[in-house]
Structures are given as C-alpha cells and as structure tokens.
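Here are the chains, one letter per residue:
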Amino acid sequence: MANTTSAKKMARKIARRTEVNRARRSRVRTFIRKVEEAISGGDHAVALAALRSAEPEMMRAAQHGIVHRNNASRKVSRLAARVNALRSA
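Topic: the packing of helix H1 (residues 5-41) against helix H3 (residues 69-88)
Each pair of packed helices can be described by the angle between their axes along with the distance between the axes. Following both chains from N to C, one finds H1 and H3 inclined at 20 degrees, their axes separated by 10 Å at the closest point. In terms of orientation, H1 and H3 fall into the roughly parallel class. Relative to H3, the crossing made by H1 is left-handed. Seen from H1, the contacting residues are Ile 32, Val 35, Glu 36 and Ile 39; seen from H3, they are Lys 75, Leu 79, Arg 82, Val 83 and Leu 86.

As for the packing of H1 against helix H2 (residues 44-63)
As a packed pair, H1 and H2 sit with axes 9 Å apart at the nearest point and diverge in direction by 160 degrees. One element, H1, and the other, H2, form an angle in the roughly antiparallel class. At the point where H1 passes H2, the crossing takes the left-handed sense. Counted together, Arg 27, Val 28, Phe 31, Ile 32, Lys 34, Val 35, Ala 38 and Ile 39 of H1 and Val 46, Ala 47, Ala 50, Leu 51, Ser 53, Ala 54, Glu 57, Met 58 and Ala 61 of H2 form the full contact between these two elements. Residue composition of the contact of H1 with H2, grouped by class: 13 nonpolar, 1 polar and 3 charged.

Structural notes on the pattern of salt bridges
Overall, the coordinates contain 5 salt bridges when judged by the stated rule. With a closest N to O distance of 2.9 Å, Arg 27 and Glu 57 form a salt bridge. Of this pair, Arg 27 sits in helix H1 while Glu 57 sits in helix H2, and the two are 30 residues apart along the sequence. Among the residues examined, Arg 27 registers a relative accessible area of 43% and is labelled partly exposed. Between Glu 57 and Arg 60 there is a salt bridge whose closest N-O contact spans 2.9 Å.

Regarding the side chain of Glu 57
Its relative accessible area of 12% is what places Glu 57 among the buried residues. In contact with Glu 57, other than residues within four places in its own chain, are Arg 27, Val 28 and Phe 31.

A short note on the nonpolar core
Of all hydrophobic cores here, the largest spans 17 residues; its most connected members are Val 35, Ile 39, Ala 47, Met 58, Leu 79 and Val 83. Of all the elements in the fold, those that place two or more residues in this core are H1, H2 and H3. Ignoring sequence-local partners within four residues, the contact set of Leu 79 consists of Ile 32, Val 35, Glu 36, Ile 39, Leu 51 and Met 58.

Cut-offs used in this document
- Residues numbered from 1 in each chain as written.
- Predicted model: local features only at pLDDT ≥ 70, side-chain atom pairs only at ≥ 80, totals over all residues.
- Heavy atoms only, no water.
- Axes fitted to C-alpha atoms, helices over the stretch in contact; angles between N-to-C directions.
- Helix = DSSP H or I, 4+ residues; strand = E, 2+ residues; numbered from the N terminus.
- Parallel < 35°, antiparallel > 145°, perpendicular 65-115°, else oblique.
- Left-handed = near helix turned anticlockwise from the far one by under 90°.
- Contact = heavy atoms within 4.5 Å.
- Nonpolar A, V, L, I, M, F, W, Y, C, P; charged D, E, K, R; others polar.
- Salt bridge = Lys/Arg side-chain N within 4 Å of Asp/Glu carboxyl O.
- Buried < 20%, exposed > 50% of the residue type's maximum accessible area, 1.4 Å probe, protein only.
- Core = buried A, V, L, I, M, F, W, Y, C linked by side-chain atoms within 4.5 Å.

Quick look at the structure:
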C-alpha cells in the first residue's frame, strides 16, 4: 500500500487512467468487431462505412497510447484489404 502522500495520489491517478484506457480499448474493439461483422456479411458498402468509422477510433487510441501506433496501422491496413477484397469478389 502507498505510504507517502505523492504515492497515494499516483495510485488514484493510475486507477482513473486505467478506467479511461479500459473504456477506450473496449470502444476500439467494438468498432473493429462491427467491421468484421460487416465483412462476414459480404456487403462492401456497409463494410466500407464501418471501416471509415473505425479507422479514426483506432488512430485516436494509438495517439493516446492505448495501443501501439504500428499495431493500429497494421489492423487498419488488414481490415482495409479485406474490405477491398469484397469489392472484387
């Protein structure tokens, strides 16, 4: 347990940040799931719309350090490739 005043304050700050980060991570996962569901549905227009709403959320999470920026970019790239594959199929 924290003994000093500053350590107690840091414990409170960490707990607050953890809650915010958990909510942001959950939000990103929800957007990714919507894109994947649209891809499995096979409708290119719906999948593209879902991807366009998910990409800014993923990049925002990367800016805030929730996920690594390369991780977010990789996920966007792979989802975009899957959405584009729907158009040609």
